[in-house]
Amino acid sequence: MRDMRFVGKVALVTGAGGGLGGVYAGALAREGATVVAVDRRAEAVETAAATIRAAGGKCRAMTAELTDPEAVDRMVAVTLEGYDRLDILINNAGGGSSTAKNAGSLEEEGPASWAELVDGNLKSAFLCTRAAARPMKRQRYGKIVNISSRSARITDPSVHQSPAYACAKTAVLCLTRFAARELGPFNITVNCLVPSLTLSGPVLQAYWDRMTPAAQARFLDQVALGRLPRPEELASAVLFLASDESSYITGVALDCNGGSFMPA
């Protein structure tokens, strides 16, 4: 019998128009949550929400520009108008840059891609956390899960890393700790998933396929389990952090990377 850990809970998932965001939204819905799936891409998030509903889940699609404070506040206000509460926030929105897709050094990065990556990955998480914390504090209950990246942990010569992306995802770890400290007295936990490269959509699949076999082998040689993660494995970790099973865990960065980074 499937676990139904989130019956009666309302979960807001950003970047839910596909990839891992869509996986997280679907996993929450399968366990009973009412999901508000948010993305800047209207068609993508509508499709993701329709897929969840077709499988029997409860899901509402919403578009928002998550680097705009007013848009984020509206997103949370609309959620509250529809459901009277907000229990879970998954800060998944982010990703790469459209202005410098191949930046792999500070010189290549450029100010435009730096700003885009920091805003998309860090500012969005900050604004969404701030907006969601208000109703959660009134409820005296909330679960916030930020999504960082293995890029925040190590500089890896076997892959083409963006310095701005790595810096933004490192700052998400710091945001997690500050928010956990501030919101803990209100029974709100704030934790962070730190995943490895996951082939969760065509963009990342194409990125992996562009790597030479030797580069792929070097990458996997660093992974104790010797393989890339399956999307559902990351979703299981997110669901744990979003559930009451993690009720005494806050301010934690949970590495889900198959053993490619093992902090002491």
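This text gives an overview of the structure that appears in the document. Just so you know, these numbers come straight off a predicted model, no measurement behind them.

## Some words on the side chain of R150
- Its location among the elements puts R150 in the loop between β5 (142–147) and α5 (163–183).
- Within the structure, the side chain of R150 is placed 3.2 Å from the side chain of Q222, a separation counted as a polar contact.
- Separated by 2.9 Å, the side chains of R150 and S260 make a polar contact.

## Section: the nonpolar core
- Counting 31 residues, the largest nonpolar core has V13, Y24, L28, V35, I90 and L193 as the members making the most contacts within it.
- Broken down by secondary-structure element, the contributors of at least two residues to this core are β1 (10–14), α1 (19–30), β2 (34–39), α2 (42–54), β3 (58–63), β4 (88–91), β5 and α8 (231–242).
- Other than its neighbours up to four places away in sequence, L193 contacts Y24, N146, I147, S148, L234, A237, V238, L241, L254 and C256.

## What about the state of the cysteines?
- Evaluated as defined, the whole model comprises zero disulfides.
- Of all cysteine sulfurs in the structure, the one in C174 sits closest to C192, which takes part in no disulfide; the separation is 11 Å.
- No disulfide involves C256; its sulfur sits 12 Å from that of C192, the nearest cysteine.

## What to know about α1
- In a regular helix each residue adds 1.5 Å, so twelve residues correspond to 16 Å; α1 covers 17 Å between its end C-alpha atoms and thus fits that length.
- Of all the residues in α1, the buried ones are L20, G21, Y24, A25, G26, A27, L28 and A29.

## Remarks on the packing of aromatic side chains
- For the structure shown, the criterion picks out one aromatic pair.
- Between the aromatic rings of W208 and F219, the centroid separation amounts to 5.8 Å while the plane-to-plane angle is 80°, which identifies the pairing as edge-to-face. Within this pair, whereas W208 is found in helix α6 (residues 202–210), its partner F219 is found in helix α7 (residues 213–221), the two being separated by eleven residues in sequence.
- One residue, K137, lies across the ring of F186, its end atom 4.8 Å from the ring centre.

Analysis parameters
Residues numbered from 1 in each chain as written. Predicted model: local features only at pLDDT ≥ 70, side-chain atom pairs only at ≥ 80, totals over all residues. Heavy atoms only, no water. Helix = DSSP H or I, 4+ residues; strand = E, 2+ residues; numbered from the N terminus. Polar contact = N/O pair within 3.5 Å; in protein donor to acceptor, adjacent residues only side chain to side chain. Core = buried A, V, L, I, M, F, W, Y, C linked by side-chain atoms within 4.5 Å. Buried < 20%, exposed > 50% of the residue type's maximum accessible area, 1.4 Å probe, protein only. Contact = heavy atoms within 4.5 Å. Disulfide = S-S within 2.5 Å. Expected span 1.5 Å × (residues − 1). Phe/Tyr/Trp six-rings, centres within 6.5 Å; stacked < 30°, edge-to-face > 60°. Lys NZ or Arg CZ within 6 Å of the ring centre and 35° of its normal.

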